[in-house]
Each structure stands twice: as structure tokens, then as C-alpha cells.
Amino acid sequence: MEELHDVRLSVNGHTHEIRVPARRLLSDALRHDLRLTGTHVGCEHGVCGACTILVDGAPTRACLMFAVSAQGSEITTVEGLTRPDGSLGPVQQAFMECHGLQCGFCTPGFLTTITAGLRDNPTPTHDEARDMVAGNLCRCTGYQNIVKAVERAAEIAGEEAAS
Amino acid sequence: MKPAPFAYRRPGTIAEAVEALAGEPNAKVLAGGQSLVPLLSMRLAAPATLVDINGIPGLDTITVLPESENGGGVRVGALARHAAVLASDDVRRVQPLVPLALSHVAHATIRNRGTTVGSLVHADAAAEMPVVLSLLGGSVEVEGPAGRRTIPASELYVGPLESSLHHDEIAVSAFFPALAPGAGVAFEEIARRHGDYALVGAAALVDGAPGDGQSVKVGYLSVSDVPTVVDLSGVADDELGEAALAQLDPAEDIHASAAYRAQLVRVLTARVVRSARVFRQAQRPEEL
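Every value quoted in this text rests on a predicted model; they were computed, and no experiment measured them. (Residues numbered from 1 in each chain as written. Chains lettered and ligands numbered in written order. Predicted model: local features only at pLDDT ≥ 70, side-chain atom pairs only at ≥ 80, totals over all residues.)

1. Here we look at the overall build of chain A
Assigned secondary structure in chain A consists of 5 helices and 5 strands. In sequence order, chain A lays out its α and β elements as β-β-α-β-β-β-α-α-α-α. Since a compact globule built from 163 residues should have a radius of gyration of about 15 Å, the 16 Å found for chain A is in line with a globular shape. By its C-alpha atoms, chain A is 55 × 35 × 25 Å across when sized along the principal axes. Long-range pairs, those at least 24 residues apart, make up 56% of the contacts in chain A with a sequence separation of at least 6. (Helix = DSSP H or I, 4+ residues; strand = E, 2+ residues; numbered from the N terminus. Rg over C-alpha atoms; globule rule 2.2 N^0.38 Å. Contact = placed C-beta atoms within 7 Å.)

Have a look at this one:
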């Protein structure tokens, strides 16, 4: 019988207790154990970026961490990016306005990555906006509208900060 | 794509971690896991035990050593993430080759979790940091049941993905020597896509005034089974690439033919040596 570990995960401000084997990937713990299926699993070896979440604010591949290692960290998934009233956050709003997605599979990873990217650099240049999403793969859009969405999200966030 | 079962240990001290390793010959250390977890998921590796060192306090330090210690440099702890090392002004000032190379290590998201020391002892010949450590003549400090010892980079890399650490030893920190006042560095690599493993990468270290007496060394990644440094001191500018190839045997794989790799060695060698000289000159305007 495989040994199980009691793991306490803090996700989007809520604490969850799960009992999982050590080999449970954090991406699987989020999706299967916590039923937070917004985090998508693409390549499962760190290349595609679909499973990117924020661990203590830093974009991190959920498929390259074990749930047991995530104890004590504050995790944000795409479900945590909406505003408290349930409406879309600035990056989500920008993706909708700019048509930054087609099939939407890669989108959760882009949204988390860009959210942290704009926090660290609220006014990116065009090149910085491209660089911000360089670690995420999208097979539909050709990236042009995603880069536009980064720039639009910076605008929205800037307008909100000013008002 | 799920790892095989393993026992999980999360020690609170290095001594406990060493003890956990000593009791299990088929154990692996988990630091950032950005190379290890894919290997586990693809079941290319199936250790019986993972010793997670992320709970050990005090391992994420980045320290500047004064000239009185090994000639000065920076010491990077085992849990210092690539992103922290890359963002460190101290590291940039003391040894600028480290951030030059780190900006090529995967993508920012991977650098947030991956550790520089982990990358060094993972001993991937396609990785940037082992070449940097080898070129600079740095070292790794390891702790095992017999205590601590220092492994110079020249003795660290044994074969593909194989370091000279014993199974019950943990890399505690790495030492990157400071850039000498009269020296210059450069780093370049060619990859199919930004953030991918390089087809070939090269790092250069030049030391001393331009001319026959100038020391010129270049380290290569993705060319041989282990990080390889060649001495190109005294070689004429237009013969640098051929002189490097005389000491290298570029390998063929699905990403590039041996002939293409050789061509990349020629191009990158000339480029990094030139850039390292420009770097050096920029800091010594009085020579112009």
C-alpha cells in the first residue's frame, strides 16, 4: 500500500486538506483532489505552460511540483483571478476584448503568467510583453492577439489604478 | 505520465537529509525539481526515495565573498532559485557571466522554481550553468556522512548527467569566482526557440591586455557529453573556430548534425571571444 500524506494546501485564499501519495503532482491535486479544473494540463513536463499557477506570487509549473512540496505556500490558480464580485479580472477582460484565445486550453497558464508579469512590470514595452509570454505555448492564436491582450491588460489595470 | 511511487522525506536540517540519503542507495535529492520531476513523470528515473530539501532553512542565501576568501566571488546556496540569482545585483557586479548565462536558462517560470546549484549537480552537458562553473574554475561544496568537502568544477563532471557526488552527499552551495579586474566575459547560444535547450552554447573568458599574452578560454554546452572548456590563448582571430574544433568532437542527435554543430562552434567561438573583449574594453576605457 502506497504511503499517503496529509497535505494542507492554501489555494486562492482557502485552505484545503487532502490525503495524497507523495507522487501526486500539484497540477493533479488541484484538478482531481480539489476539483479546481481551471488549471489545465498539457505536456505534463514543463514545456507548454498550460498548468502555470502562482506559488507565493511567482509563476510556477504546477506539473513540476508535488502537492506535498506545496505545503505552506500560497497558491493562486486561474479561478483566483476573477474579482471578488465574480467579474473578470483585467487580464481576463483583455483576453476577451482582444480575442486572445480560440480553443482556450492554454489560456489559464497565460492568465496567471501575465497577471504576475504585469504586477512586476505594469507598463511593459511591446518586446517585454512578448517576452512575458515566451514560456507559454498556444497552438491557435499565433500569439499576436495574446501580446495585444498583455498590452490591453496593462492599460485596463493602469486606468483602474488612476481612477 | 505519472511518477512511479516513491517514499518522501522532508528533513529540516542538512544532517537529517544526509542521513536519509545514507540509508537508501536509490534516493534522489529534490530541490527545484525542474529537471528531476519531468524525468520522474516520464519514468526515466524511479528513485525509491525523494529527499525534499525545500524545508531546510538557510539554504537560499547568495553571499559575496571578499578577496581574502578564494580570491573573492559569490557563494550561492542550494535553494537559491535561478530567478533570485539572476536578479541579484551582487552577483551581477562580482561575476557578470552568471546572469549573462542565467538569462538563457529555460523560461522565467522555470527559473522561479529551479535552483542554480541543482542545475550544476544535475550535470546536464546541455545546460548553461555547468559550463559557467567550469569556465570560471568554480566549485561545489557538498556534505556527506564524513562531513563537508569541496569539489572543483574540473572534477565535478564525469559523464552525461553524471557528477562526482557520492549518493549520500548533498550539494550545499556553489562558488563562482569573481571576475578579475582585467578580464571580460560573454555568453551566447543558438536554440531553435528561445528558452529551449541550446543546439550549441559558448561562454568566453578573456583576461589581460589584448595581444599574444591574453588568456582566452571558451566553454561549450551541448557539444560534448560533459561541459568542455578549451584554451584558445594565442590563437589568431580568424583561426579561433578551427582551433576550438581541434579539441572538440561535436556529437550528432535528432536536433542537429555533427557538421552543423561544428559550424555553430566556429561561429559562436568567434562571436563570444569578440564580445568578451568588447566587455573587457568597456570597463577599461583608458586603454583605447
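Past the structure itself, the notes keep going.
2. A word on the overall build of chain B
Per the secondary structure count, chain B includes 10 helices and 14 strands. Taking 19 Å as the expected radius of gyration for a compact globule of 288 residues, we find that chain B reaches 19 Å, a close match to that expectation. Considering only C-alpha atoms, chain B reaches an extent of 60 × 45 × 30 Å along its principal axes.

3. Quick look at the nonpolar core
Within the largest apolar cluster, 135 residues are counted, with the highest numbers of intra-cluster contacts made by Val150 of chain A together with Ile53, Val132, Ala203, Ala204, Val218 and Val272 of chain B. Ranked by the residues each element gives to this core, the list is headed by helix α10 (residues 258-282) of chain B, at 8 residues. Ignoring any residue separated from it by four or fewer positions in sequence, one finds Ala203 of chain B in contact with Leu97, Ala101, Val131, Val132, Leu135, Phe187, Val218, Gly219 and Val272 of chain B. (Core = buried A, V, L, I, M, F, W, Y, C linked by C-beta atoms within 7 Å. Buried ≥ 20, exposed ≤ 12 C-beta atoms within 10 Å, placed from the backbone.)

4. As for the sheet that holds strand β13 (residues 215-221) of chain B
Residues and elements named next belong to chain B. The sheet built from 4 strands is open, its strands ordered β11-β12-β13-β14 with antiparallel pairing. Two strands in the sheet have a free side with no partner beyond their single neighbour: β11 (183-190) and β14 (228-231). Sheet twist, expressed as the mean angle between neighbouring strand axes with direction ignored, is 15 degrees. Across 8 bridges, the pairing between β11 and strand β12 (residues 200-207) is antiparallel. Looking at the pairing, Glu189 lines up with Gly201 of β12. (Pairing = 2+ DSSP bridges. Axes fitted to C-alpha atoms, helices over the stretch in contact; angles between N-to-C directions.)

5. Overview of the pairing of strand β4 (residues 58-61) of chain A
All names here are of chain A. Pairing between strand β3 (residues 52-55) and β4: 4 bridges, direction antiparallel. When the bridges of β4 are listed, Ile53 appears paired with Thr60. Hairpin connection, β3 to β4: the antiparallel pair is bridged by 2 residues, and Asp56 has positive phi, about 50 degrees.

6. A look at helix α1 (residues 26-33) of chain A
If you check which residues of α1 of chain A are buried, you get Leu26, Ser27, Asp28, Ala29 and Leu30 of chain A. Lining the buried residues of α1 of chain A we find β1 (4-11) and β2 (14-21) of chain A.

7. Considerations on the interface of chain B and chain A
The interface of chain B with chain A comprises 24 residues on the first partner and 22 residues on the second. Secondary-structure elements contributing two or more residues to the side of chain B that touches chain A are β1 (7-9), α2 (36-41), β3 (49-52) and α6 (108-113) of chain B. Broken down by element, the side of chain B that touches chain A gets its largest block of residues, 5 residues, from α6 of chain B. When grouped by side-chain class, the residues that make up the side of chain B that touches chain A number 12 nonpolar, 9 polar and 3 charged. (Nonpolar A, V, L, I, M, F, W, Y, C, P; charged D, E, K, R; others polar.)

8. Comments concerning the domain arrangement of chain A
Residues and elements named next belong to chain A. Here chain A is described as being made up of domain 1 (4-80) and domain 2 (90-162). One C-alpha centre belongs to domain 1, the other to domain 2; they are set 22 Å apart. Each partner contributes residues to the interface: domain 1 has 16 residues there, and domain 2 has 11 residues. For the side of domain 1 that touches domain 2, the elements supplying multiple residues, two or more each, are β3 and β4. The element best represented in the side of domain 1 that touches domain 2 is β3, accounting for 3 residues. (Domains from an automatic or database assignment.)

9. So, the environment of Val18 of chain B
Residues and elements named next belong to chain B. With respect to the helices and strands, the residue Val18 is situated in helix α1 (residues 14-22). The buried category is assigned to Val18, around which 22 C-beta atoms lie within 10 Å. Each C-alpha atom, one on Val18 and one on Ala80, is 19 Å from the other, the two residues being 62 residues apart in sequence.

10. Observations regarding helix α2 (residues 90-97) of chain A
Along an α-helix, residues three or four positions apart point the same way, because every turn accommodates 3.6 residues. All names here are of chain A. Turning to α2, its buried residues are Pro90, Val91, Gln92, Ala94 and Phe95. Taken together, the buried residues of α2 touch α3 (107-120) and α5 (144-162). The positive-phi residue at the C-terminal boundary of α2 is His99, with phi of around 55 degrees.

11. Structural notes on the domain arrangement of chain B
The domains assigned to chain B are domain 1 (7-55), domain 2 (62-177) and domain 3 (183-287). Spacing between the C-alpha centres of domain 1 of chain B and domain 3 of chain B amounts to 35 Å.

12. A word on the packing of α2 of chain A against α3 of chain A
Between two packed helices, what matters for the description is the angle formed by their axes and the separation of those axes. Residue and element names in this part refer to chain A. At a minimum axis distance of 9 Å, the contact between α2 and α3 shows a crossing angle of 130 degrees. When the interaxial angle is binned, α2 and α3 end up oblique. Once α2 is placed against α3, the crossing between them reads as right-handed. When α2 is examined against α3, the residues Val91, Gln92 and Phe95 are found in contact with a partner set consisting of Thr107, Leu111, Ile114 and Thr115. Considering only residue class, the contact of α2 with α3 consists of 4 nonpolar, 3 polar and no charged. (Parallel < 35°, antiparallel > 145°, perpendicular 65-115°, else oblique. Left-handed = near helix turned anticlockwise from the far one by under 90°.)

13. Focus on the confidence of the model for chain B
The pLDDT averaged across chain B works out to 96; a share of 99% of its residues lies at or above 70. Listed scores for the predicted complex are pTM 0.96 and ipTM 0.95. (pLDDT = per-residue confidence, 0-100.)

14. Section: unusual backbone geometry
Not every positive phi belongs to a glycine, and Arg35 of chain A is a case in point at roughly 60 degrees. Along the chain, Arg35 of chain A turns up in the loop between α1 and β3. Not every positive phi belongs to a glycine, and Leu161 of chain B is a case in point at roughly 55 degrees. Tracing the backbone shows Leu161 of chain B in the loop between β8 (157-159) and β9 (162-163). On the basis of neighbour count, Leu161 of chain B is assigned to the partly exposed category, with 18 C-beta atoms found within 10 Å.

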